[in-house]
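A closer look at the structure
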Amino acid sequence: MKFAVRACSNGRSRVGVLQVGSCPNPIETPSLLLSTRKGLPVFISPDLLPSLPSPDSHLLQMSPLHLVLRKKYYMLQQFSWVLVSYFLCLEGPSSKTISIVGGLHQLLGLHEYGFAAVPRDSVFCLPECGGTNKIGASFETPCGRRLIKPIEYMEMISSMKPNLWATLADEVPSWVPEKRNKTSVDRTLRWLDECIALSPAGGAVFGSIVGGSNIVERQRSAQQVVSRNVSGYWIGGFGLGESMDERPALLNAVTDILPEEKPRLICGLGLPEEVLQAVAAGIDLFDSVYIYHLTLGGFALTFPLDRIERHSSNFQLSDIGSDYTKINLRATVFRKDTSPIVDNCSCYTCQNHTKAYINHLLNVHEMLAQILLEIHNTHHYLNFFRLIREAIKEGKFEQFRQKFIETRRHLAVAAVCA
Ligand SMILES: [Zn+2]
């Protein structure tokens, strides 16, 4: 992996170029990593992946926890009284099998995509620190809640061979007591050293930084991680209860310490306003869980992407709580709407299908609805990141950010008043 900063704007925000081994072309940052379930975007099949903007869509984020072996018990025999026999069957490929196949790229057939493995399930559940102890971190997995030790985590990383991976972390929400927050920093540092000691050859190591909503602990975590031999930084513990107002100081406390020449990846910040906050602090890579949740709810992104210079006048309100920044295609108002989601959008969905068709698919519970929505939403959000990069290159990021937030606020107020 290679990374270089190419342009800066307003102090911290920056445009970089990330070259990942398996990707044919370098990817500009700030950029979106497509969140996946077991290595694939939840609703987009591999044959449709190339329809997304390239090379922006070539970075995939996965959680090794999705591939933890599922143990399933099958009933073998049951008698009329009490005796019940079971046999144990292990479902899913084991780490050994994935290793024999050659890793994630070979297993999934995605040879031109880069994989980033993080110790967080960004798709299905938030981190829950209750079950974590000094032995390992507690996660929800396909086989129930499991305690993952650093050695088990590294076995998964070694077999999957992602292009970059973050060390095991003890993430805590913002409301935990200070003592627990301090323990999380100490534990994450200890696991970082254990993971590095066990790390396989190949794959860039991203050191995990935590510290909750305490600025001093955030700085301590960042300072300690910077002193280790890592290729980049994974910033955990965000999107877990901290307020929008306190977030900039927490982010800046971390990025002020990090060396400029290494990339920074964050999880848990997905809303456009949150992304802009983090870009302003100097974050380079984001997950796409926001898009997943929108798609699952039947929403399509429609906020303007024309440099926010003018407000589109053709946005329509649904009758069940949509606003001008997104529409809910389940709404009856779209039943006879023969226009695409966004008129000038070049995505596969908007080029080939109408709102009426997607409304129909949603109403009859066809999964094609989510496939088409995820294609549009991903396309739209990748273009949002492109606008951010253009603004930074022009040295106008802060103006872009203020204008964007003002426009969104105006549209939201208009929707409430309509
Ligand atoms: Zn579209």
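Criteria and cut-off values
- Residues numbered from 1 in each chain as written.
- Predicted model: local features only at pLDDT ≥ 70, side-chain atom pairs only at ≥ 80, totals over all residues.
- UniProt positions renumbered as here; feature names shortened; annotations may be inferred.
- Core = buried A, V, L, I, M, F, W, Y, C linked by C-beta atoms within 7 Å.
- Buried ≥ 20, exposed ≤ 12 C-beta atoms within 10 Å, placed from the backbone.
- Helix = DSSP H or I, 4+ residues; strand = E, 2+ residues; numbered from the N terminus.
- Domains from an automatic or database assignment.
- Pairing = 2+ DSSP bridges.
- Axes fitted to C-alpha atoms, helices over the stretch in contact; angles between N-to-C directions.
- Parallel < 35°, antiparallel > 145°, perpendicular 65-115°, else oblique.
- Left-handed = near helix turned anticlockwise from the far one by under 90°.
- Contact = placed C-beta atoms within 7 Å.
- Right-handed = clockwise from strand over helix to strand, strands pointing away.

Looking at an unreviewed UniProt entry, one finds the chain named Queuine tRNA-ribosyltransferase accessory subunit 2, with Liquidambar formosana as its source organism. Per UniProt, the comment on the chain under Subunit (unreviewed entry) is "Heterodimer of a catalytic subunit and an accessory subunit."

Right, let's talk about the nonpolar core for a bit. If you look at the biggest cluster of nonpolar residues, it comprises 107 residues, and the most contacted ones within it are Phe-206 and Ile-266. At 9 residues, the largest contribution of residues to this core is made by helix α11 (residues 368-393). Taken together, domain 1 (2-75 + 83-288) and domain 2 (297-417) each give at least three residues to this core, which thus spans both.

Quick look at the pairing of strand β10 (residues 137-141) now. Side chains Ala-137, Phe-139 and Thr-141 of β10 all project onto a buried face; the interleaved residues Ser-138 and Glu-140 project onto a face where none is buried. Where β10 meets strand β11 (residues 144-148), 5 bridges bridge the pair, whose relative direction is antiparallel. Bridged to Ser-138 within β11 is Leu-147. Linking β10 to β11, which pair antiparallel, is a turn of 2 residues.

Running from amino to carboxyl end, helix α3 (residues 150-160) crosses helix α4 (residues 178-198) at an angle of 45°, the nearest separation of the two axes being 10 Å. On the basis of the axis angle, α3 is oblique to α4. Taken as a pair, α3 and α4 cross one another with a handedness that is right-handed. Contacts between α3 and α4 involve Pro-150, Ile-151, Tyr-153 and Met-154 from the former and Trp-191, Glu-194, Cys-195 and Leu-198 from the latter.

This paragraph deals with the pairing of strand β13 (residues 204-209). The buried count for β13 comes to 6 of 6 residues, which makes it a mostly enclosed element. As judged from the 3 bridges shared by strand β12 (residues 164-166) and β13, these two strands associate in the parallel manner. Within β13, the residue paired with Ala-166 across the bridge is Phe-206. In this sheet, strand β14 (residues 232-235) lies alongside β13 in parallel orientation, the contact comprising 4 bridges. By the bridge assignment, Gly-207 is partnered in β14 with Tyr-233. This β-α-β element, β13 to helix α5 (residues 215-226) to β14, shows right-handed connectivity.

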